Amino acid sequence: QVQLVESGGGLVQAGGSLRLSCAASGVIFSTYAMDWFRQAPGKEREFVAAISRSGGRTYYADSVKGRFTISRSNAKTGYLQMNSLKPEDTAVYYCAADPRFPNSDSNSVAHWGQGTQVTVSS
């Protein structure tokens, strides 16, 4: 059973920063690429960023490029550093693991976390 647990969400003012973490268990995490998606109220889940199994390649949505950084520090933990946050970044953020890189299609992702709320106030 694959389990992904996100943490680090919260309330922050516009222009601030947050760092999300994703802890994996029940899987050899290093054999999966890792993704972050987000879903705002009333909107579809959208791709944010992806990192390859080795961590050597990354891929970002245009809306976060230059502000967000995805990384993975070891075989079981991944991160999303979010800087210069905007109110439109407000959403539930989901960690995902998938054999493919990059996989920006939320309908085909293999494994999901439960999500963590990020709220950016103006």
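Scroll up a little and you will see the structure.
About the cut-offs
Residues numbered from 1 in each chain as written. Predicted model: local features only at pLDDT ≥ 70, side-chain atom pairs only at ≥ 80, totals over all residues. Heavy atoms only, no water. Pairing = 2+ DSSP bridges. Helix = DSSP H or I, 4+ residues; strand = E, 2+ residues; numbered from the N terminus. Axes fitted to C-alpha atoms, helices over the stretch in contact; angles between N-to-C directions. Disulfide = S-S within 2.5 Å. Buried < 20%, exposed > 50% of the residue type's maximum accessible area, 1.4 Å probe, protein only. Lys, Arg positive; Asp, Glu negative; His and termini not counted. Salt bridge = Lys/Arg side-chain N within 4 Å of Asp/Glu carboxyl O. Polar contact = N/O pair within 3.5 Å; in protein donor to acceptor, adjacent residues only side chain to side chain. Contact = heavy atoms within 4.5 Å. Phe/Tyr/Trp six-rings, centres within 6.5 Å; stacked < 30°, edge-to-face > 60°.

A. Seen up close, the sheet that holds strand S3 (residues 18–25). On the basis of which strands lie adjacent, the open sheet formed by 4 strands has the order S1-S3-S8-S7 and antiparallel pairing. Looking at strand neighbours, the two that pair on one side only are strand S1 (3–7) and strand S7 (68–72), the edges of this open sheet. The average angle at which neighbouring strand axes cross in this sheet is 15°, direction not considered.

B. Broad picture of the state of the cysteines. Summed over the entire model, instances satisfying the criterion amount to 1 disulfide. One disulfide in the model links cysteine 22 with cysteine 95; its S-S distance is 1.9 Å. Between cysteine 22 and cysteine 95 the sulfur-sulfur dihedral comes to about -70°; the bridge is accordingly left-handed. Taken as a pair, cysteine 22 in strand S3 and cysteine 95 in strand S9 (residues 91–98) lie far apart in primary sequence, 73 residues in all.

C. Highlighting the side chain of glutamate 6. Looking at the secondary structure, you find glutamate 6 in strand S1. The buried charged residue glutamate 6 lacks any salt bridge partner; its closest oppositely charged side chain belongs to arginine 45, at an N-O distance of 7.5 Å. Among the polar contacts made by the side chain of glutamate 6, one reaches the main-chain amide nitrogen of glutamine 114 at a distance of 3.1 Å. Residues contacting glutamate 6, with those up to four places away along its chain left out, are Ser21, Cys22, Trp36, Tyr93, Tyr94, Cys95, Gly113, Gln114, Gly115 and Thr116.

D. Layout of the packing of aromatic side chains. Going through the model one piece at a time under the given rule, you end up with 4 aromatic pairs. Seen from their ring centres, phenylalanine 37 and tryptophan 112 are 5.0 Å apart, and the 65° between their planes marks the pair as edge-to-face. Taken as a pair, phenylalanine 37 in strand S4 (residues 33–39) and tryptophan 112 in strand S10 (residues 111–112) lie far apart in primary sequence, 75 residues in all. Owing to a relative accessible area of 0%, phenylalanine 37 belongs among the buried residues under this scheme. Look at tryptophan 112 and you get partly exposed, because its relative accessible area is 27%. Ring geometry for phenylalanine 47 versus tyrosine 59: centroids 5.6 Å apart, planes at 35°, classification tilted. You can see phenylalanine 47 sitting in strand S5 (residues 46–51) and its partner tyrosine 59 sitting in strand S6 (residues 58–60), a full 12 residues away along the chain.

E. Looking closely at unusual backbone geometry. Between phenylalanine 101 and the following residue, proline 102, the backbone shows a cis peptide bond with an omega angle of -15°. Summarising the element assignment, proline 102 is placed in the loop between S9 and S10. The phi angle at serine 84 is positive, at roughly 50°, despite the residue not being glycine. Here serine 84 is to be found in the loop between strand S8 (77–82) and S9. Among the residues examined, serine 84 registers a relative accessible area of 40% and is labelled partly exposed.

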